[in-house]
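Coordinate inspection notes
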Amino acid sequence: MTATDPVVNLQALIRCPSVTPAEGGALSALDAMLSPLGFKIDRVKASEAGTPDIENLYARLGGDGPHLMFAGHTDVVPVGDEAAWTHPPFAAEISKGELFGRGAVDMKGGIACFVAAVARHIEKNGPPKGSISFLITGDEEGPAINGTIKLLQWAAERGERWDACLVGEPTNPDHLGDMIKLGRRGSMSGKITVHGVQGHAAYPHLADNPVRGMLQLTHALMDPPFDGGTNDFQPSNLEVTTIDVGNPATNVIPAKASASFNIRFNDSWTVETLRAEILRRLDTAAKDGALRPGREPVKYDIVWADRPSHVFLTRNNGLIASLSSAIENVTGRSPALSTTGGTSDARFIKDYCPVVEFGLVGQTMHMVDERVAVSDLEMLTAIYETFIARWFANAGS
């Protein structure tokens, strides 16, 4: 395998059924692509109680000079109803100019293109004037506990240092070249429990219905808005995602009610200031409204979810300019610099080096018949190849 053809690379990766947490042969396929190019390969298994073991891959070419990392994941989400697929989800078949398969867009396609770009760069120019590494996890679509965050720690403990990172997630909404992600909003979750008194629905004076209090508290969380957005980020937004009383009986007032929420927040907030604001809202709503007129204020507990994601914004002009100019050179489009969307593993990488994200068009990710245009694979490879050359030229100047 020469690894210069992104279509062949992607077919090899898709044919590995690497549904989280299974490695499925995908890392072995990637090893087979990178080893002939001169990369030193390490397969790193990470574990933590209560979570599945995850196998990851770290590959490095070169020993000194500017160090560019490419990061991504070979794990994919489940296929859903396999019978609903036009082509088998792990067959990597091509039809009418599109390559079908789970992971085609998210994000084996990005990995296949970066491998092809590195292979072409080496074929034309020899090894880069510096170092290139691949940091590939099998846990991005899962709990994200035994993947990128632990692989970064493993590499850093062995002396690895990086000057910049490109994450190959699908960032483009409509056309290749639309958008670079140079930051992400933070994400934080929690669970509220309101305590009442269980009783018969026909005798409400003998009970306290926690649903009444829960409605007051959740309304206070969602209104008014937390902010109006900033120059670089959308407005912060909180959504209540579940409300549950665990009560199958229609004639019983429940003893408690619980609600989970998630907030995506911008750089107006830190985790600490946001938690303080949420508690202020809950305390005010609890004091202002009893479960029933004449009763005590609402009693609630809150539990914060582990590992909140912090907001970040990359301001490395050299990295952004190298990628933007490569995209414009190949596609003719000037990409928007965006912080929209959810979280990605860039939230871990930003603690080690400047990081941006750019990959394929994301319209079919996680869907039945996930697919990518073959022409987009060739175009993304050309973008990555141009970016590699320009980044090393700028980093060495």
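Everything in this summary refers to the structure shown in the same document. (Residues numbered from 1 in each chain as written. Predicted model: local features only at pLDDT ≥ 70, side-chain atom pairs only at ≥ 80, totals over all residues. Heavy atoms only, no water.)

1. Details of the pattern of salt bridges
In this structure the tally under the stated criterion is 16 salt bridges. Taking the shortest distance from any N to any O, the salt bridge between Glu48 and Arg307 comes out at 2.9 Å. You can see Glu48 sitting in the loop between strand 1 (40-46) and strand 2 (54-61) and its partner Arg307 sitting in the loop between strand 15 (299-304) and strand 16 (312-313), a full 259 residues away along the chain. Note that Arg280 is salt-bridged to Glu277, the shortest N-O span being 2.9 Å. With Arg280 and Glu277 both in helix 6 (residues 271-288), this residue pair falls three residues apart, about one helical turn. Residue classification places Arg280 among the partly exposed residues on the basis of a relative accessible area of 45%. Put simply, Glu23, Arg43 and Glu55 are held in one network by salt bridges that share partners. (Salt bridge = Lys/Arg side-chain N within 4 Å of Asp/Glu carboxyl O. Helix = DSSP H or I, 4+ residues; strand = E, 2+ residues; numbered from the N terminus. Buried < 20%, exposed > 50% of the residue type's maximum accessible area, 1.4 Å probe, protein only.)

2. Observations concerning the side chain of Thr364
If you trace the backbone, Thr364 turns up in the loop between strand 18 (355-357) and strand 19 (371-373). Among the residues examined, Thr364 registers a relative accessible area of 11% and is labelled buried. Apart from the residues lying within four places of it in its own chain, the contact partners of Thr364 are Val105, Asp369, Glu370 and Arg371. (Contact = heavy atoms within 4.5 Å.)

3. What to know about the packing of aromatic side chains
This structure, assessed with the given rule, holds twelve aromatic pairs. Plain terms: the ring middles of Tyr58 and Trp154 are 6.2 Å apart, the flat faces sit at 65° to each other, and that makes the pair edge-to-face. In this pair, Tyr58 sits in strand 2 while Trp154 sits in helix 4 (residues 148-157), placing the two residues 96 residues apart along the sequence. Taking relative accessible area as the criterion, Tyr58 reaches 3% and is therefore assigned buried. In this structure Trp154 comes out as buried when scored by relative accessible area, which is 18%. Relative to Tyr384, the ring of Phe114 lies with its centre 5.2 Å away and its plane at 65°, an arrangement referred to as edge-to-face. With a gap of 270 residues between them, Phe114 in helix 3 (residues 108-125) and Tyr384 in helix 9 (residues 374-395) connect regions that are remote in the sequence. You'll find Phe114 and Tyr384 in the same group, each marked buried. (Phe/Tyr/Trp six-rings, centres within 6.5 Å; stacked < 30°, edge-to-face > 60°.)

4. As for helix 5 (residues 210-222)
Compared with the 18 Å implied by 1.5 Å per residue over 13 residues, the 19 Å span of helix 5 between its first and last C-alpha is a close match. All of the buried residues in helix 5 are Pro210, Gly213, Met214, Leu217, Thr218, Ala220 and Leu221. Buried residues of helix 5, seen end-on, are gathered within an arc of 155° and therefore sit on one face of the element. Exposed residues pointing more than 90 degrees away from the buried face of helix 5 are listed as Leu215 and His219. Each element contacted by the buried residues of helix 5 is listed here: strand 10 (186-195), strand 12 (237-244), strand 13 (252-253), strand 14 (256-265), helix 6 and strand 15. The residue sitting at the N-terminus of helix 5 and contributing the capping side-chain oxygen is Asn209; that oxygen lies 3.0 Å from the backbone nitrogen of Val211. (Expected span 1.5 Å × (residues − 1). Arc of directions from axis to C-beta. Polar contact = N/O pair within 3.5 Å; in protein donor to acceptor, adjacent residues only side chain to side chain.)

5. Details of the pairing of strand 6 (residues 131-137)
Summarising burial for strand 6: seven of the seven residues are buried, a large majority. Side chains Ser131, Ser133, Leu135 and Thr137 of strand 6 all project onto a buried face; the interleaved residues Ile132, Phe134 and Ile136 project onto the opposite face, where all are buried too. Bridge count for strand 3 (residues 67-73) against strand 6 is seven bridges, and the pairing is parallel. Bridge assignment links His67 to a residue of strand 6, and that residue is Ser131. (Pairing = 2+ DSSP bridges.)

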